[in-house]
Amino acid sequence: MSNLVPVNVQVPAHLASRIGQPSALAQSMAGGLGNGGESVPRISIKGARFRIVEGDTETVLDTTAIDVVIVGANPRLSKTWYAKAWTPDSEPQAPECFSLDGVSPDPQSTQPQNDLCASCPQNAWGSKVTPQGQQIKACADKKRLAVVSADDPTGPTYLLEVTPAALKGLNQYQKELAHRGIAPEIVKTRVTFDTDASFPKLKFGFGGFNDADAQEAVDPLFGSASVKEITGESTRQPVAVPQAIAAPAPAPVAPKPAVKVAEPEPAPTPAEPPAAPKRGFGATKQAAPKAAAPAPAAAPAAPMAAAALADSIAALVGEVNSDDA
């Protein structure tokens, strides 16, 4: 047993009752590991750098280590197959065949290779040979994790895909947590790069326990629909396009005289609301707003103005009395 998780770690009082208890998340992390392009926000490791990808925006973090809280894990391995071999100059693209559950191709696969992953020739060892002559599978196994920033647990939830080379390290990490009775959902996981690898390869280690506020923030995420969508556990079925039903032809009606209606003036274009501050990884600390200068005290009314106001009130009262007479 290595030292990925300290042996004599001090457990906080608010988490003591959860030590040694069964963890569904731990089982999901271990699922598919054995012993040995998407619309959701995700963490890319291209070029051995952490990159936050949200839509068309990519933010490169200026750190090679991040602390996350794992809030979900697909119990099965996902699979991806590309028709073309990858090169450093390759443009990012979706795989031609992929599976989120490791059972059958996803309905959105453009070139499904088989009806079942287990019997697919691309999933067999030796279906691909690396430039170094190593026989591997043409269809790569990955582990889909849903994570939040340990420093901003109420921020966005990200997809983190663990590539084949890092699966063994992830499995070892969760085993050491389980050996000490620690559920992965109550700790910070430190994710770094293996500097001995010639390609981007992740390493996982213990980063400390969650504090009470962080634990309260992440507990509702476990098993939620949004997390299952990220991990690929939601049921995905092809969308059926409804067929338009022809309506019966209307009976001919005598045309009515055209009535000219005044066109309403166009409504003014509303001002765009200010952009929301960035959350999660890569968020910048905002400077404290400057205190507003105190408003100048109102100058006292001139005596002449007060006298004129009193005369006006007296005249108004006189008019009212004369009306009542």
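Residues numbered from 1 in each chain as written. Predicted model: local features only at pLDDT ≥ 70, side-chain atom pairs only at ≥ 80, totals over all residues. Heavy atoms only, no water.

Caption draft 1: Molecular detail of the overall build of the chain. Secondary structure summary: the chain contains five helices and 12 strands in total. Every one of the 325 residues in the chain was classed for burial, and the buried ones make up 32%. Summed over all atoms, the accessible surface of the chain reaches about 21,500 Å², with 57% contributed by carbon and sulfur. (Helix = DSSP H or I, 4+ residues; strand = E, 2+ residues; numbered from the N terminus. Buried < 20%, exposed > 50% of the residue type's maximum accessible area, 1.4 Å probe, protein only. Areas by Shrake-Rupley, 256 points an atom, 1.4 Å probe, with all protein chains shown as cover.)

Caption draft 2: Region of interest: the packing of aromatic side chains. Summed over all chains, the structure comprises three aromatic pairs. Where Tyr 158 meets Phe 281, the ring centres are 5.3 Å apart and the plane angle is 50°; that geometry is what we call tilted. Note that Tyr 158 is positioned in strand E10 (residues 158-162) and Phe 281 in the loop between helix H4 (225-231) and helix H5 (303-324), a separation of 123 residues in sequence. Neither Tyr 158 nor Phe 281 differs from the other in exposure class; each is buried. Centroid distance Phe 206 to Phe 209: 5.4 Å. Interplanar angle 75°. Geometry classified as edge-to-face. As far as the burial class goes, Phe 206 and Phe 209 line up, both buried. Lying over the aromatic face of Trp 125, Lys 137 brings its terminal NZ or CZ to 5.7 Å of the ring centre. (Phe/Tyr/Trp six-rings, centres within 6.5 Å; stacked < 30°, edge-to-face > 60°. Lys NZ or Arg CZ within 6 Å of the ring centre and 35° of its normal.)

Caption draft 3: Molecular detail of the environment of Asp 56. Take Asp 56: it is sitting in the loop between strand E2 (51-54) and strand E3 (57-60). What makes Asp 56 exposed here is its relative accessible area of 86%. Residues Asp 56 and Ser 39 lie 17 residues apart in sequence; the distance between their C-alpha atoms is 9.5 Å.

Caption draft 4: The pairing of strand E12 (residues 202-209), seen in detail. Across the eight residues that make up E12, a large majority, six, are buried. Where strand E11 (residues 187-193) and E12 come together, six bridges link them in antiparallel fashion. Within E12, the position partnered with Phe 193 by the bridge is Leu 202. (Pairing = 2+ DSSP bridges.)

Caption draft 5: Structural context of the pattern of salt bridges. Scanning the entire structure with this criterion turns up 10 salt bridges. Note that Arg 51 and Glu 58 form a salt bridge whose closest N and O atoms lie 3.1 Å from each other. By relative accessible area, which is 15% here, Arg 51 ends up buried. Ionic pairing is found between Glu 176 and Arg 180, a salt bridge with its closest N-O pair at 3.7 Å. The burial state of Glu 176 is the same as that of Arg 180; both residues are buried. Among the charged side chains, a salt-bridge network with shared partners connects Lys 79, Lys 137 and Asp 141. (Salt bridge = Lys/Arg side-chain N within 4 Å of Asp/Glu carboxyl O.)

Caption draft 6: Inspection of the state of the cysteines at higher detail. Evaluated as defined, the whole model comprises zero disulfides. In this structure Cys 97 is a free cysteine whose sulfur lies 6.3 Å from that of Cys 120, the closest cysteine sulfur available. Overall, Cys 97 belongs to the buried group, its relative accessible area being 9%. Not part of a disulfide, Cys 139 finds its nearest cysteine sulfur in Cys 117, a span of 6.3 Å. (Disulfide = S-S within 2.5 Å.)

Caption draft 7: Structural context of the nonpolar core. Counting residues in hydrophobic clusters, the biggest one holds 34 residues, and the most contacted among them are Ile 43, Phe 50 and Leu 202. Secondary structure elements with two or more residues in this core: helix H1 (24-30), strand E4 (65-73), strand E9 (140-149), E10, helix H2 (164-179), E11 and E12. Sorting elements by how many residues they give to this core places H2 first, with five residues. Formed by 11 residues, the second largest nonpolar core is a distinct cluster that contains Val 69, Val 148, Val 218 and Leu 221. (Core = buried A, V, L, I, M, F, W, Y, C linked by side-chain atoms within 4.5 Å.)

Caption draft 8: Seen up close, the environment of Thr 195. Looking at the element boundaries, Thr 195 is found in the loop between E11 and E12. As for Thr 195 and Ala 48, which are separated by 147 residues in sequence, their C-alpha atoms are 9.2 Å apart.

Caption draft 9: Representation of unusual backbone geometry. Notably, Ala 48 is not glycine yet its phi reads approximately 60°, a positive angle. Within the element layout of this structure, Ala 48 appears in the loop between strand E1 (42-44) and E2.

Caption draft 10: Up close: the pairing of strand E7 (residues 125-129). Summarising the sheet, E7 and strand E8 (residues 135-137) pair through three bridges and their orientation is antiparallel. Residue pairing for E8: Val 129 is matched across the bridge by Gln 135. Taking the residues between adjacent antiparallel strands as the criterion, E7 and E8 are bridged by five residues, where Gly 133 takes a positive phi near 90°.

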